[in-house]
Amino acid sequence: MNVYETELRQRALGLLRSGARNADVARELNVPAGTIGSWLYADRRQRGIPFKQPADCPWCTGGEFDHLAYAYLLGLYLGDGCISQGRRGVYALRVACADAWPGIMDACGEAMQIIRPSNKVFRVQRQGCQYVTCLSKHWPCFFPQHGPGKKHDREIALAEWQQEIVDAHPWDFIRGLIHSDGCRITNWATRLVRGERRRYEYPRYFFTNLSADILRLYTDTLDRVGVEWKDTKGKNISVARRASVALMDAHVGPKY
């Protein structure tokens, strides 16, 4: 091992000993995740520290996971999801899904199962809705936005790696947000046509959230895919222009 590699290894071990995850260190130092893992294993063995492989969490092991499913699940989590800590360091990810939309329940459960294939996904019935739920020690690895209190009472910002996934799969992220805190409705209005008042209808999308940060993540992503939007009342984003609604219909569609 040359001097450069020795210095790089020491930098990596310093970060790992301070609590940084393997994947984050690998990304910061531009070193393969497998190399980081082997350095950590050798360091712990040399210091007499038992090493326990951290399950199947890709952020702890440097593994891969389905980015498309994650972009959708991220949207659901930011809208109607929460993470709570239970006993023995196990966290529960819950997404509230209305009974009226069984298809969204299925899609939510499928996304959770894809991200955590070794963990059971189940549902807890509540009045008018079901909590699609999955238990894992590693949900905070996937959702660093997790924290005490309500999301609209604290800052919500995507990590760099999350933003890269959203940039690569913007429509899946938008669909997750709409399936949680959004809707597609049919508006109507009247106007005079040759002296006769006639009614006409047009579809429209709404997304409502109390967090200004989450609203901004939504509108930034709409801008990226060319959807025009309007802010109404400060917490409600409307998409009503015909071409933009057509885009939303092609990639999101009504709840089901």
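Notes on the structure follow. Bear in mind the structure is a predicted one, so any value in this text is a computation, not a measurement.

## Describing the packing of helix H9 (residues 170–181) against helix H10 (residues 212–225)
Two packed helices can be described by the angle between their axes and the distance between those axes.
Right, so step 1: Their axes nearest at 10 Å, the elements H9 and H10 cross at an angle of 140°. In this view, H9 runs oblique relative to H10, as classed from their interaxial angle. Handedness of the crossing formed by H9 with H10: left-handed. Listed contacts from H10 to Pro-170, Trp-171, Phe-173, Ile-174, Leu-177 and Ile-178 of H9 are Ile-214, Leu-217, Tyr-218, Thr-221, Leu-222 and Val-225.
Right, so step 2: Across the contact of H9 with H10, the residue classes break down as 11 nonpolar, one polar and no charged.

## Considerations on the packing of aromatic side chains
Right, so step 1: In total, this model carries 10 aromatic pairs according to the counting rule given.
Right, so step 2: Between Phe-65 and Trp-161, the aromatic rings sit 6.4 Å apart at their centres with planes inclined by 90°, giving edge-to-face as the arrangement. Here Trp-161 lies in helix H8 (residues 160–168) and Phe-65 lies in the loop between helix H4 (58–61) and helix H5 (67–80), a separation of 96 residues in the sequence.
Right, so step 3: Aromatic side chains Tyr-70 and Phe-142 sit 6.3 Å apart centroid to centroid with 40° between the ring planes, which places their arrangement in the tilted category. Taken together, the residues Tyr-70 in helix H5 and Phe-142 in helix H7 (residues 139–142) connect sequence positions 72 residues apart.
Right, so step 4: Directly above the aromatic system of Tyr-77 lies the positively charged group of Lys-151, at a separation of 4.9 Å from the ring centroid.

## What to know about the pattern of salt bridges
Right, so step 1: Going through the model one piece at a time under the given rule, you end up with seven salt bridges.
Right, so step 2: Between Asp-106 and Arg-123 there is a salt bridge whose closest N-O contact spans 2.5 Å. With Asp-106 in helix H6 (residues 102–115) and Arg-123 in strand E3 (residues 121–126), the pair connects residues that are 17 residues apart, well separated along the chain.
Right, so step 3: Its relative accessible area of 46% is what places Asp-106 among the partly exposed residues.
Right, so step 4: Judged by its relative accessible area of 39%, Arg-123 falls in the partly exposed class.
Right, so step 5: Two residues, Glu-228 and Arg-241, come together in a salt bridge whose shortest N-O distance is 3.4 Å. Placement of the pair is Glu-228 in the loop between H10 and strand E7 (230–232) and Arg-241 in the loop between strand E8 (236–239) and helix H11 (242–251), with a sequence separation of 13 residues.
Right, so step 6: Among the residues examined, Arg-241 registers a relative accessible area of 54% and is labelled exposed.

## Topic: the sheet that holds strand E1 (residues 81–85)
Picture the strands of a sheet paired through backbone hydrogen bonds; they go either parallel or antiparallel.
Right, so step 1: Strand order in the open sheet made by the four strands is E1-E2-E4-E3, with antiparallel pairing throughout. Pairing within the sheet leaves two strands with one partner each, and these edge strands are E1 and E3. In this sheet, adjacent strand axes meet at a mean angle of 30° when their direction is disregarded.
Right, so step 2: Sheet topology note: the E3/strand E4 (residues 129–136) ladder contains six bridges and is antiparallel. Considered in E4, the bridge of Val-121 is made with Cys-134.

## Regarding the state of the cysteines
Right, so step 1: All chains considered together, the criterion is met by zero disulfides.
Right, so step 2: Of the cysteine sulfurs around Cys-134, a residue in no disulfide, the closest is that of Cys-108, at 9.8 Å.
Right, so step 3: Classification of Cys-134 as buried rests on a relative accessible area of 0%.

## Details of the environment of Ser-180
Right, so step 1: For Ser-180, the position within the fold is in helix H9.
Right, so step 2: The buried category is assigned to Ser-180, whose relative accessible area is 9%.
Right, so step 3: Along the chain, Ser-180 and Tyr-202 lie 22 residues apart, while their C-alpha atoms are 22 Å from each other.
Right, so step 4: Not counting residues within four places of it along the chain, the set of residues in contact with Ser-180 comprises Gly-75, Leu-76, Gly-79, Asp-80 and Lys-255.
Right, so step 5: A distance of 2.8 Å separates a polar atom in the side chain of Ser-180 from the backbone oxygen of Leu-177.

## Considerations on the environment of Leu-40
Right, so step 1: Mapped onto the secondary structure, Leu-40 falls in helix H3 (residues 33–46).
Right, so step 2: Residue classification places Leu-40 among the buried residues on the basis of a relative accessible area of 8%.

Calculation criteria
- Residues numbered from 1 in each chain as written.
- Predicted model: local features only at pLDDT ≥ 70, side-chain atom pairs only at ≥ 80, totals over all residues.
- Heavy atoms only, no water.
- Axes fitted to C-alpha atoms, helices over the stretch in contact; angles between N-to-C directions.
- Helix = DSSP H or I, 4+ residues; strand = E, 2+ residues; numbered from the N terminus.
- Parallel < 35°, antiparallel > 145°, perpendicular 65-115°, else oblique.
- Left-handed = near helix turned anticlockwise from the far one by under 90°.
- Contact = heavy atoms within 4.5 Å.
- Nonpolar A, V, L, I, M, F, W, Y, C, P; charged D, E, K, R; others polar.
- Phe/Tyr/Trp six-rings, centres within 6.5 Å; stacked < 30°, edge-to-face > 60°.
- Lys NZ or Arg CZ within 6 Å of the ring centre and 35° of its normal.
- Salt bridge = Lys/Arg side-chain N within 4 Å of Asp/Glu carboxyl O.
- Buried < 20%, exposed > 50% of the residue type's maximum accessible area, 1.4 Å probe, protein only.
- Pairing = 2+ DSSP bridges.
- Disulfide = S-S within 2.5 Å.
- Polar contact = N/O pair within 3.5 Å; in protein donor to acceptor, adjacent residues only side chain to side chain.

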